[in-house]
Every structure is written in C-alpha cells, then in structure tokens.
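These are the residues of each chain, in order.
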Amino acid sequence: MAYNVSVEEENKEIAKRYKDLLKGTYKSLTTDNKKDIRRAFDFAVEAHSGQRRRTGEPYIYHPIAVAKIVAYEIGLGTKSIIAALLHDVVEDTHHTLDDIEQEFGETIARIVNGLTKISRLSKDQDASIQAENFRKMILTLNDDVRVILIKLADRLHNMQTMDAMPDHKQLKIASETLYIYAPLAHRLGLYNIKNELEDLGLKYTEPEVFNDIFGKIKNSKEGQEKYILSFSNVIKETLTKENFKYKIKGRTKSIYSIRKKMRVQDVTYDEIYDKFAIRIVYKSEPSQEKFDAWKIYSIVTDHFQPNPTRLRDWITQPKTTGYESLHITVMGPLGHWVEVQIRSERMDEIAEKGYAAHYKYKHSKEKESSLDTWLNRLRETLESPDVNAFDFVEDFKLNLYSDEIFIFTPKGELKAMPTDATALDFAFSIHTEIGMKCRGAKVNNKLCPINHVLKSGDQVEIITATEQTPKLRWLDFVVTSRARTRIKAALKDEQKEIANEGKEILTRKMRSMKIKLNKATINEMVSFFKLKTSLDLFYRVGNGSLESSQLKDFTIQRRNAFLSFFKKRMKRNTPSPTLHKNEINDNFDMLVFGQEEEEEQLDYSYAKCCNPIPGDNVFGFLTINEGLKVHKKDCPNAVSLQANYAYRIMKATWIDSSQQNFNVFLKVSGTDDFGLVSQLTRVISNNMHVNIHNLNISSVDGLFEGQMTISIKNNKQLQKLTDNIKKIKGINKVERIHKQ
Ligand code: MN
C-alpha cells in the first residue's frame, strides 16, 4: 500500500487523533487526570517513534485508537486509558515494565504486564498449545478485569484494520476472535463490541456470506427507516401527552446473528422476521424507571397487539451481564411482528457498554450485583485444577453464550442459571458439597430426578444423601462449567483410587497364575483388552468390569500362542464383553456428519496428516478450499483445529452404508384443496426408497399444514422429493425441520 505523508502532516494528524480521544471524555476527567493521560501519550509517542503499522501508518495510531475504544465504547476511566496508550510499549519497544511502574505507578504497570503476557501468548506460532494459551488468558480475569477489557479493545482495533494482513493471518485472527474474544465480550455485557467482533470475524472467515447479507441489509435500510417512522407516528402523540422525553430508533440485528439464525433455523434472509427491533429510550428518574417502562409498554400495546408469548422483563430481573430492558413483540404496521425494546437512558448505556457502565451506576451500599456474582463464581472455577486445557476452555465457553433462566430457592431467593440447566447444575451452584451429594430434587414440590431440566420460575429444593458420590454419566446432562469441572475433578480422584486398588488385585491374581506383573505384561494386557493406558486396565480390574474369566483368557493366550492366534481371529466377529456394545464392525464403512438424529451424508476425504481408516475415532473439519476433511480424534493437529476453528468441526459417525436410512422431518404448508393429501402421499410413494413413517395433517380456515417423518437414503433423494412435493398444486412451502 502506498503511504506518502510528510512528517509534518503526520504529527498534525497524531495531535488531532489525541485531541479526539479526550473530546468525549473531558466531562468526567479532572485536570490531574488529563495531565496523567498527556504524560502517557507523550511516553507512548516517544517509545513507538519510528515504528509503523503494516498499513504504513505511524504505530501510535493504534494505541490511540485502542484508548479511544476503552474510553468511549467501554466507558473505562483514566487508569485504563493510560494503560491502553501504553499497552504495546513493553512488548514492542526498549522500555521495560519497571520504567512503566516508576513513571505511572503499580496499578498501571500491573495492567500493562497482563496485556503484555497475553500478547506474548497469541504470538506463539505453535497452534497445538493454543488452548493452553486461551486458558491462561481467561485466568487473567482473575487478576484484573480491566486487562481483558483493554485486550478486547485492542483486538477490536486490530480486526478493524486487518485488511493489510496476509490472508492466512487474517483467517487465524478472525477464527480466534470468534472462538474466544466475541464470547468474552458478550459475557462482560459489551454488546456493541461483541457484534462488531462477530461481524468482522465473519467477514474474514466467510467473506461471501458476509457480503451477501451486508448487501441485503443495505438494500432494506430505507424500507426499515420508513417502517420505524410509521410506527413512531402512531405512538408519538400519546408519549408526548404523557410528558415522556424519549428517542425511538431502529436496531438492526448483526450480520453474524442473521447468518446464525439462517443456519440454525434453516430459513432464508427474507424469512427472518426480527431482522430489526424498535428501541424506545426514555429519560427517567431512577425511582421512576420501572414504572415508566410499564407505562410505555401500556401505550405501545394500546396501539399494537402484543404477542403474549414474547414478553421479556429484564428490568425486574436483570441478566447476569447487567442487561436491563423490557422486550415485547407486537403486531406492528403492515401486519408485521416487530420487537420493541423499552429502556431508560441508564439501562441503554449499560446495554451498550456493559461492564464499566454497570459499575458507574452501582452504589456501594447495594448488595452484590449479578455480574459480581458471576465473576466471583468464575474465580472459583478458575482455581479448581483441571489438567486438560481444551476441556477447560470448552467448558468455560459453554457458559459464555448461554441464555438465562431464573430459579427460586426454597426461601424464595432468585438465582440465574443457563438455559437447559438441570437440578444437578442447580445443586452445584449452591455448593460443591450439595452437588456431590445430590440425589434428587423437589421441583415445585414434585419429586424429580437429578437430570430434570429446569424451567424459568421453578422453585427447587435439593435432596441430598450422604452415601451419594459423583458419577461419570452425570457429565452427560450437566451444562454449567462449574458442575462439569467439579464432577470431573472428583471422578479423577475416584478413578485413581479404584485404579490403585485394581493394581493390587491384578498383581495378586497374576501371581496366582504364575505371571509376574511388570511393564511388559502390563503392555501386553493393555493391547489384549484393547485399552488405551495401564490406568484404564487397573481401573477396570478395580471396578470389576474386567473379570477373572477374561484375565484367564489372557493367560491362556499368553501360554499358547498358537491357540490364541485362532481365538483372536474368532474374536473379531464376537466382540469381547469389555468392549462397547456399539463397537464398529467391518461393515461400518461410511461416515455421516452432524449431531444425532440430524446426520447427513456429505462428500468427504481423509486428511493426509493422520490417514484415518474406517472404524477410527474421527471428526470432520470444513476446510476453505478442499471441502470436508476427516481427521482422527488423536491427530496431532486436532487440538489446534478445535481450538481455533471450533465452529468448523463436525461430529462424524461411522455407519453401515448398505443399511442406512435417515429419518427426516418435513413440514408442508399450503392452501387446503380437495385431494391434496392423496396427491401428497402418491408423490412420496412414487419416489423410490422413500417411506413415510407418519403423517399429521391439520387444516384451519382453509390453510393446510402437514408434518411427516420419512426415511430416505441421502440428501439428493430428499432434494428430489421436496422438488416434487413443491410441484403439487396448493403447496406453498416445504421445509425440513429438526424435530417433530
Ligand atoms: Mn495492540
């Protein structure tokens, strides 16, 4: 890129950008504050002098921009602005941390130190330890939240200016952003930054998708503005009569979330009805805020019919991110459903800026806010040791994006839990010991099992039993990272204990069969029983799943190599009882992809790095240029692929291609017409290899809706079938749904 600016012009530009930085913050800054910031600015300018960004611009543009995001979009104060200005000084210049501490004090030095540590992590080229790096980064939340907040600002500016980067770096940085930074921004309530990070992430990972949706949004802008105007015209008069000072604006869904919705619900751009929401932001006294919100609600619903199933009151019970707002969906002008968000100016600022704004309004005498609770919880979880960094990051991420439900304790206190939380999750959220000993729960006074999925508003009382211990299968249904980490840690301890016992038992048994238990025999046994490690072996002996008769098989095999040769051959078709029931046999020769019940046949090829063969434990990875590649789960590249591109990983399952049929749910709708049903069934049965399992038809006011389960061999067949159904007169729409 050509970059041709004189030094003089450049210095002018630097000064201008610095002025810009202070412009929006001057209100809250004292003269001393401003002096300190100026000092940091001069220090940074000197330190970075001569350095340039990849675009050719002076390097100092970057720290100024980061400081600006920190001040304006996150709403942090002087110390953070200074730390942002200095954030790359230690990493990229001759200045040391000691210099910073001497010049700007201990707090700022500590924040800059945290930022330097993180930046060293992400520079590490060895992708296989990326998960460990993410973990270390998450751990800095423990030290000072400001480190992560400034890091998010840094990442945002880097994403905004990524065009000058080489392609492969763009992809890596963008994937990382989607993988960890956007979820973190979300959890800290920085909605604007989260949306921008996601949109930019999409721009560099899936440019065609991004541009397509971007264009469509641009085209619909004008219509949208007109729509909002016609909406506000209806309620304007009443709002003014009630003396409200307010603003009505449109809020477009982010490109990324539109794409996510299109994918998850399998709909087209035009079929998404909530592409934008209408936001009413009103001025209010703190004591009147809630009352005013409901007053506006009442005015809006006087003119527009509300959808009673879509009312969310985040004012009475704010989200754990601190988010407050009243959401309703009403039948707006032109007969379109539209979401209306009602919130005060204060709530609006918290919603946009998140964490920092939340604290600005918090009074010290108030009880601990839900965001505090979350951070404290997080600290606890972070402290518990967990060896596997990848699991840690995955579990942690689980809790970043989940929606919330609210549960009452027996005393009537409210607790926020993620959606799909079970009684057991709730037990762990109260106390680790209560989780470990949880035997069941009383949900609204009815006895329920520990895997009972809770609903918002449930009142839950946990029942414990002293003899209860954590079980492996608990991991199948808990959803909170707190419960997962605790259960895993407990199981590991338990497993070690059982394995120790098992080792003693095995030594004794082998001795009685005149075999010495040494490294060589242990290895023989591990491979004989098709296990992975000696720990597995000892564990199975310890818990009795490996029985004496099987151990005998081993000794016989060992003593008589000839006989065992045949035994082994015979065993291939009769799986030994130690192995899983659904062990893969020779017929399992083809892969399908996706979650259970929704598996699809897709074209795939095997990755060269690990050369999987049928029956191996594998997963699918969507590459940019070479389609779907299949890797072994223990491929050396697996961790880095999963850590960096988790969203491109697909679950892969081996199937017997000679027998496989897929169940697919179809929804058909149209105008009711005589003979439609018989035509429909005829079309389906005329398609070879397609069977209808069931068909439910309902017809109301001449509108026809049918749902059916059919079993088919592959996607092509499905395509052909839906095409044929669409040709039937009266059918308007055929769509594939995920469940009936
Ligand atoms: Mn930076």
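Reading guide: rules and limits
- Residues numbered from 1 in each chain as written.
- Predicted model: local features only at pLDDT ≥ 70, side-chain atom pairs only at ≥ 80, totals over all residues.
- Heavy atoms only, no water.
- Pairing = 2+ DSSP bridges.
- Helix = DSSP H or I, 4+ residues; strand = E, 2+ residues; numbered from the N terminus.
- Axes fitted to C-alpha atoms, helices over the stretch in contact; angles between N-to-C directions.
- Contact = heavy atoms within 4.5 Å.
- Donors = N, O, S within 2.8 Å, 3.2 Å for Na, K, Ca; no water.
- Buried < 20%, exposed > 50% of the residue type's maximum accessible area, 1.4 Å probe, protein only.

A closer look at the sheet that holds strand β4 (residues 326-331)
Phase 1 of the analysis: Here five strands make up an open sheet; going across it, the order is β1-β2-β5-β4-β3 and the pairing mixed. Both outer strands of the open sheet, β1 (246-252) and β3 (305-313), are each paired with one neighbouring strand and no more. The sheet shows a mean angle of 25° between the axes of neighbouring strands, direction not considered.
Phase 2 of the analysis: Judged from the six bridges that link them, strand β2 (residues 276-282) and strand β5 (residues 337-344) form a sheet pairing that is parallel. Note on β5: the bridge partner recorded for isoleucine 278 is valine 340.
Phase 3 of the analysis: The sheet contacts of helix α15 (residues 345-353) involve β1, β2 and β5, and relative to β5 the element is tilted by about 110°.

Quick notes on the coordination of the manganese ion
Phase 1 of the analysis: Those protein atoms acting as donors to the manganese ion are His62 (NE2), His87 (NE2), Asp88 (OD) and Asp154 (OD), and they sit at 2.2 to 2.4 Å.
Phase 2 of the analysis: The sequence pattern describing where the donors of the manganese ion fall on their chain is H-x24-H-D-x65-D. With histidine 62 in helix α3 (residues 61-73) and aspartate 88 in the loop between α4 (78-85) and α5 (89-92), the pair connects residues that are 26 residues apart, well separated along the chain. For the pair shown, histidine 62 and aspartate 88 are each scored as buried.

Here we look at the sheet that holds strand β10 (residues 460-464)
Phase 1 of the analysis: Pairing is antiparallel across the open sheet formed by three strands, whose spatial order is β9-β8-β10. A strand with exactly one partner marks an edge of an open sheet, and here the two such strands are β9 (446-448) and β10. Neighbour-to-neighbour, the strand axes of the sheet open up by a mean angle of 30°, direction not taken into account.
Phase 2 of the analysis: Bridge count between strand β8 (residues 438-443) and β10: five bridges; the pairing is antiparallel.

Quick notes on the pairing of β2
Phase 1 of the analysis: When you tally the buried positions in β2, you get seven out of seven residues, the bulk of the element.
Phase 2 of the analysis: Alternating positions in β2 separate into two faces, Phe276, Ile278, Ile280 and Tyr282 on one and Ala277, Arg279 and Val281 on the other, with burial throughout.
Phase 3 of the analysis: Both β1 and β2 contribute to a ladder of seven bridges, which runs antiparallel. Its bridge partner being in β2, lysine 247 is matched across the sheet by valine 281.

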